[in-house]
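Structural overview
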Amino acid sequence: MPVTPGPFAGRTVSDLALDLRAGRVTAAELARLALEAAARLGPALNAFVTVDAEGALEAARTADRELAEGADRGPLHGIPVGVKDLIMVAGLPATMGSRHFAGYVPDTDAACVTRLREAGAVIVGKTTTHEFAYGPTGDRSANGPSRNPWDPERMSGGSSGGSGAAVAAGIVPLALGTDTGGSVRIPAALCGVAGFKPAYGAIRADGVFPLSVTLDHVGVLAGRAEDCLLAYACLADERPAQDGGEVRTAWLDPAGLTPCDPRVAALARVAAGAPDVVELPEGVGARLRETYTVIQSCETAAVHAERLAGAPGLFDPEVLERLRVAAEVPGWRYVRAMEERRRLGGVVAELFDGGHDVLALPALPLTAPRLQGREVVLDGGTVAVRAALLALTSPWNVLGLPALTVPAGLVDGLPAGLQLVCRPGSEHLLFQAAEKAGRPGPR
């Protein structure tokens, strides 16, 4: 990794929690380490929009005092955390990556931030987002592009790119993101960390600026899957189930969704260790893409209608063009897409009904593209970067299914990811499958 990693690279939340309770470190010391790393790596990665040194140190001192008094809030107590700049944190600017919200400071926390505080987490600051989360590349923001720690001239992914970069670089061990078509899992895969999108609605989205209200999910990024599970247990309304016994995993052939770099697919398949292979019925991949595009377009256009009419010049030009195209999608197509969504849910359910708990596939069909790149060659053909980044992640947003991305290895020195998908209520099986997944070496 060209960027010298920060203090939390390779450290799990569980390890840090043990050190805190054994007195080997204090929450204040952890907060200072995170703040120092954010300052050192900030210019190279642009991972943070706002760093709250005063608030982080105050929260850390409170965490230390509580532990000393015997009040233990759980595994996140005293742990430094980054929060995507689309999620409201009282008293901190929330720009949504846009000039439209320059100077805006919310006075209440998002529901997920309230849960973080209740768990004793220490919020270090707000991480960079693609403008209004409307893009998977992470390089269109009023704050500038977030950059990949493996190569700062490449994308960190989006829209939770700052969170992915901050965790991968070891600035913080944990960060919140949002995921509408892959915006947690895409930066996780491109930056070589774990990213988890739970079932739709499992983590409340109150206080999160919307992109597409029926596709939006709050998710979490961490160095390892086990830390995503710890955070999820603190953030969700219902605690996840425990060990469910043997996990039956099937490999889902990505060819039904997108062209794929064969080296990336090979790494993911080895990591999955799944003997069975299943395929989407012919045409289902195209139907999923179309359904996702129509739903997101209509819902996003509704969110931004007034800004689009009243102050279009404040948008990034690429985001503005996408919004104008989205606004042209007629309402009747939205109604039909919602009906199609229900039908597609039944089709995919049959893959699980065949005796499989988890579907495994590459997280992405490629490694990190260069910043501002908009086309890439995959399997002998030219593909739009945005379409490629979303192709393997967005279907699970359409269907509201839990999905977890974990590192699978390196291709030409850049991370590739494995994605695991399950039915709602079976999230624990994803983490069991991730624990069993192999870790092949670089290629």
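The preceding data block contains the structure.
Residues numbered from 1 in each chain as written. Predicted model: local features only at pLDDT ≥ 70, side-chain atom pairs only at ≥ 80, totals over all residues. Heavy atoms only, no water.

As for the overall build of the protein
Selection rule: Elements are defined by DSSP. Helices are runs of H or I of four residues or more, strands are runs of E of two residues or more, and each kind is numbered from the N terminus. Partly exposed describes any residue whose relative accessible area lies between the buried limit of under 20% and the exposed limit of over 50%, with all areas from a 1.4 Å probe on protein chains only and scaled to the type maximum. The contact definition used throughout considers only heavy atoms, calling two residues in contact when any of these lie within 4.5 Å. Per-residue accessibility takes into account occlusion by the displayed protein chains alone, with areas from the Shrake-Rupley method and a 1.4 Å probe. In this tally, Asp and Glu contribute negative charge and Lys and Arg positive charge; neither His nor the terminal groups of the chain are included. By convention, the point assigned to a charge is CZ for Arg, NZ for Lys, CD for Glu and CG for Asp.
Along its length, the protein carries 14 helices and 15 strands. Overall size of the protein, expressed as C-alpha extent along the three principal axes, is 60 × 55 × 40 Å. For the protein, the residues scored as buried account for 61% of the 443 residues in total. Counting only contacts in the protein whose residues sit at least 6 apart along the sequence, the fraction spanning at least 24 positions is 77%. When the accessible surface of the protein is summed, it comes to about 16,200 Å², and 52% of that surface belongs to carbon and sulfur atoms. Both charge centroids of the protein, one from 41 positive and one from 50 negative side chains, sit 2 Å from each other.

Quick notes on the sheet that holds strand β8 (residues 217–222)
Rules: Paired strands, as defined in this entry, are two strands with at least two bridges between them according to DSSP. To get an axis, fit a line to the C-alpha atoms, keeping to the stretch in contact for a helix; angles then go from 0 to 180 degrees between the N-to-C directions.
Strand order in the open sheet made by the 11 strands is β1-β3-β2-β6-β8-β7-β14-β15-β11-β9-β10, with mixed pairing throughout. At either end of the open sheet lies a strand with only one pairing partner, and these are β1 (48–51) and β10 (276–278). Within this sheet the neighbouring strands show an average axis-to-axis angle of 30 degrees, counted without direction. Relative to strand β15 (residues 414–421), strand β14 (residues 403–411) is paired through eight bridges, and the arrangement is antiparallel. Each residue of the ladder has a partner; that of L410, found in β15, is P415. Its contacts with the sheet place helix α4 (residues 111–118) against β2 (80–84), β3 (122–127), β6 (174–179) and β8, and it is angled at close to 175 degrees to β2.

Quick notes on the nonpolar core
Stated precisely, the cut-off is as follows: In plain words, nonpolar cores are sets of buried Ala, Val, Leu, Ile, Met, Phe, Trp, Tyr and Cys residues tied together by side-chain atoms within 4.5 Å.
Ranked by internal contacts, the top residues of the largest apolar core, which has 110 residues, are C112, I171, L404, L418 and L420. Of the residues forming this core, the biggest block, 10 residues, is contributed by helix α2 (residues 27–45). Beyond its immediate sequence surroundings of up to four residues, L420 is in contact with V358, L359, A360, P402, A403, L404, L430, A433 and A434. Counting residues in each nonpolar core, the second largest holds 44 residues, with A250, V348, A368 and A403 among its members.

Details of the environment of V358
Topologically, V358 is positioned in strand β11 (residues 358–362). For the pair V358 and T405, spaced 47 residues apart in the sequence, the C-alpha separation amounts to 13 Å.

A closer look at a negative patch on the surface
Just so we agree on the cut-off: By definition, no residue in a patch forms a salt bridge, and every one has over 30% relative accessible area; like charges are joined within 9 Å, nonpolar side chains (Val, Leu, Ile, Met, Phe, Trp, Tyr) within 5 Å. Whenever a carboxyl oxygen of Asp or Glu lies within 4 Å of a side-chain nitrogen of Lys or Arg, that contact is scored as a salt bridge.
On the surface, a cluster of negative charge is contributed by D15, E226, D243 and E435. Within the secondary structure layout, D243 lies in the loop between α7 (225–235) and β9 (249–252).

What to know about the packing of aromatic side chains
Going by this rule: Here the aromatic set is Phe, Tyr and Trp, taking the six-membered ring for Trp, and pairing holds for ring centres within 6.5 Å; pairs whose planes are under 30 degrees apart are stacked, those over 60 apart are edge-to-face, and all others are tilted.
A full pass over the atoms with the stated rule returns seven aromatic pairs. Ring centres 5.5 Å apart and planes at 75 degrees place the aromatic pair F101 and F209 in the edge-to-face group. Here the residue F101 occupies a position in the loop between β2 and α4, and F209 occupies one in the loop between β7 (194–197) and β8, the gap between them amounting to 108 residues. Taken individually, F101 and F209 each receive the classification buried, so the pair is uniform in this respect. Look at F196 and Y232: their rings are 5.1 Å apart centre to centre, the planes differ by 75 degrees, and that puts the pair in the edge-to-face class. Of this pair, F196 sits in strand β7 while Y232 sits in helix α7; the two residues are 36 residues apart in sequence, bridging distant segments of the chain. With relative accessibility at 1%, the residue F196 sits in the buried group. The exposure class of Y232 is buried, given its relative accessible area of 4%.

Re helix α14 (residues 427–436)
Three or four residues apart is the spacing at which side chains of an α-helix point the same way, because the helix has 3.6 residues per turn. Counting buried positions along α14 gives eight out of 10 residues, so the element sits mostly inside the fold. Taken residue by residue, α14 has E427, H428, L429, L430, F431, Q432, A433 and A434 as its buried positions. The inward-facing, buried residues of α14 abut β7, α7, β9, β11, β14 and β15.

Section: the pattern of salt bridges
A full pass over the atoms with the stated rule returns 23 salt bridges. With a shortest N-O distance of 3.1 Å, D85 and K126 are connected by a salt bridge. Taken together, the residues span a long stretch of sequence, with D85 in the loop between β2 and α4 and K126 in strand β3 at a distance of 41 residues. Residue K436 pairs with E246 through a salt bridge whose shortest N-O separation is 3.0 Å.

Things to note about the pairing of strand β5 (residues 151–155)
Counting buried residues in β5 gives four out of five residues, a clear majority hidden from the surface. Inspection of the sheet shows strand β4 (residues 147–148) paired to β5 by two bridges, in the antiparallel sense. Paired with R147 across the strands is M155, a residue of β5. Linkage of β4 to β5, two consecutive antiparallel strands, is achieved through a turn of two residues.

Some words on unusual backbone geometry
A cis amide bond links G158 to the next residue, S159, at an omega of 5 degrees. With respect to the helices and strands, the residue S159 is situated in the loop between β5 and α5 (161–168). In the Ramachandran plot, M96 falls in the positive-phi region, its phi being about 55 degrees despite a non-glycine side chain. Residue classification places M96 among the buried residues on the basis of a relative accessible area of 0%.

A look at the side chain of T180
Our working definition: For the purposes of these results, a polar contact is taken to be a pair of N or O atoms within 3.5 Å, where, inside protein, one atom must be able to donate a hydrogen and its partner to accept one; residues adjacent in sequence count only when each atom of the pair is a side-chain atom.
Within the secondary structure, T180 is located in the loop between β6 and α6 (185–191). Among the residues examined, T180 registers a relative accessible area of 3% and is labelled buried. Here D216 takes part through its side chain, which lies 2.6 Å from a polar atom of the side chain of T180. Discounting residues that sit within four places of it in the chain, T180 has contacts with L211, S212, L215, D216, Y292, Q296 and N397.

Coordinates in, geometry out; function isn't part of it.
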